[in-house]
Amino acid sequence: MATKKNLQADRGSVTHKVRYALSNPTRIAPYVRRAARDAWLRHKHPDHVSYYRAVMASDTGRNPEAAVGSQTHDRWLALGKMQFDYLLGHGLAPAHRMLDIGCGNLRAGWRFIEHLDAGHYYGIDISPDILISAKETLTRQRLQDKLPHLTITRDLTLDFLPDRHFDVVHAHSVFSHSPIGIIDECLAHVERVLAPGGWFDFTFDRTEGAEHQVLREDFYYRTETLVDLAARHGLKARLMDDWERLGHGQSKIRVTAG
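Treat the numbers as computed from the prediction; the structure is a model and nothing was measured.

Rules behind the numbers
Residues numbered from 1 in each chain as written. Predicted model: local features only at pLDDT ≥ 70, side-chain atom pairs only at ≥ 80, totals over all residues. Heavy atoms only, no water. Axes fitted to C-alpha atoms, helices over the stretch in contact; angles between N-to-C directions. Helix = DSSP H or I, 4+ residues; strand = E, 2+ residues; numbered from the N terminus. Parallel < 35°, antiparallel > 145°, perpendicular 65-115°, else oblique. Contact = heavy atoms within 4.5 Å. Nonpolar A, V, L, I, M, F, W, Y, C, P; charged D, E, K, R; others polar. Salt bridge = Lys/Arg side-chain N within 4 Å of Asp/Glu carboxyl O. Buried < 20%, exposed > 50% of the residue type's maximum accessible area, 1.4 Å probe, protein only. Core = buried A, V, L, I, M, F, W, Y, C linked by side-chain atoms within 4.5 Å. Pairing = 2+ DSSP bridges. Right-handed = clockwise from strand over helix to strand, strands pointing away.

Caption draft 1: Fine view of the packing of helix 4 (residues 48-62) against helix 8 (residues 128-140). At their nearest, the axes of helix 4 and helix 8 sit 7 Å apart, and the two run at 45° to each other. Overall, the two elements helix 4 and helix 8 adopt an arrangement that is oblique. On helix 8, the residues that touch Arg53, Met56, Ala57 and Thr60 of helix 4 are Pro128, Asp129 and Ile130. Partitioned by chemical class, the residues of the contact of helix 4 with helix 8 number 4 nonpolar, 1 polar and 2 charged.

Caption draft 2: Quick peek at the pattern of salt bridges. Going through the model one piece at a time under the given rule, you end up with 10 salt bridges. One salt bridge connects arginine 154 with aspartate 47, and the closest N-O pair in it is separated by 2.9 Å. With arginine 154 in the loop between strand 3 (149-152) and strand 4 (166-171) and aspartate 47 in the loop between helix 3 (28-44) and helix 4, this residue pair connects regions lying 107 residues apart in the sequence. You can call aspartate 47 partly exposed: its relative accessible area is 32%. Overlapping salt bridges, with partners in common, bring together Arg37, Asp59, Arg62 and Glu217 in one network.

Caption draft 3: The arrangement of the environment of alanine 195 in detail. Looking at where alanine 195 falls in the secondary structure, it is placed in strand 5 (residues 194-206). C-alpha of alanine 195 to C-alpha of arginine 97: the two residues are 98 residues apart in sequence and 8.9 Å apart in space. Setting aside residues no more than four positions away along its own chain, alanine 195 makes contact with Arg164, His165, Phe166 and Asp167.

Caption draft 4: Just unusual backbone geometry, in detail. Backbone geometry places arginine 142, a non-glycine residue, at a positive phi of 55°. Inspection of the secondary structure assignment puts arginine 142 in the loop between helix 8 and strand 3. Since its relative accessible area comes to 74%, arginine 142 is described here as exposed. Located in the positive-phi region is leucine 158, a residue other than glycine, with phi close to 60°. Within the secondary structure layout, leucine 158 lies in the loop between strand 3 and strand 4. Among the residues examined, leucine 158 registers a relative accessible area of 0% and is labelled buried.

Caption draft 5: The arrangement of the nonpolar core in detail. Membership of the largest hydrophobic core comes to 33 residues, with the highest contact counts inside it found for Leu87, Met98, Leu106, Phe112, Tyr121 and Leu150. Contributions of two or more residues to this core are made by helix 4, helix 6 (73-89), helix 7 (109-115) and helix 8. Contacts of leucine 106, omitting those with residues within four sequence positions, involve Trp76, Ile113, Tyr121, Ala134, Thr137, Leu138 and Leu150. Membership of the second largest hydrophobic core comes to 32 residues, among which are Val193, Phe204, Ile253 and Val255.

Caption draft 6: Broad picture of the pairing of strand 2 (residues 121-125). The buried fraction of strand 2 amounts to 5 of the 5 residues, a majority that puts the element mostly inside the structure. Both faces of strand 2 are covered, namely the face carrying Tyr121, Gly123 and Asp125 and the face carrying Tyr122 and Ile124. Looking at chain direction, strand 1 (residues 98-101) and strand 2 are connected through 4 bridges and run parallel. Bridge assignment links aspartate 100 to a residue of strand 2, and that residue is glycine 123. Of the crossover connections in this fold, the one passing from strand 1 over helix 7 to the parallel strand 2 is right-handed. Each parallel crossover has a hand, and the one from strand 2 via helix 8 to strand 3 is right-handed.

From the geometry alone we can't say anything about function, so treat these as descriptive.
Structure below.
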């Protein structure tokens, strides 16, 4: 769980970078490589979706599991199980229809697919490279008969999806990589696809200090900023305290129709 000190830190500030570098000298070289890639991709891809799609292509080419934030296979399994167990504990039933925004290579998705009735899982992602890896995960887990939908998207208007269809919408580690405009776009459209009584869970990198970003990859928001943004679209949002107790690095907000 993030400490109060960490929640106040501006990770984009020079002071934080110097302090972090002095405490973690082995991470200096990887950060320099990441910053150089960031500068090149900023120049080549001015819009955020194209930029982050290129980031995912680069990361997936090296290691698909690391591309979704898991440096080891055991960690990949553990983080997927954490997401699955949490929603299972909140009543995720086989008959539910689920939309998984930023499904990645099915770190948690394969567990959702296994649990849900056939055809009830719909995963979307902006990265064609990670979706190829998702199909490999699906095949490896022998879940073809569950007929999941895996679809590439460029935005979060969700305009190609049916009204009032999904009991659960889920976005893990998506808004932590999204500028506020993309989050606003999703919140403006998610209610249309939510079934009556449905909910939308998303994680985000939380700060209690100044909102900031690190390169164009990591974005830190105050809880009230996202709760207020949801309210502007007629949605109710609350921080999920039970998720905080699990010790995951990101926080979780649940959104329901107003």
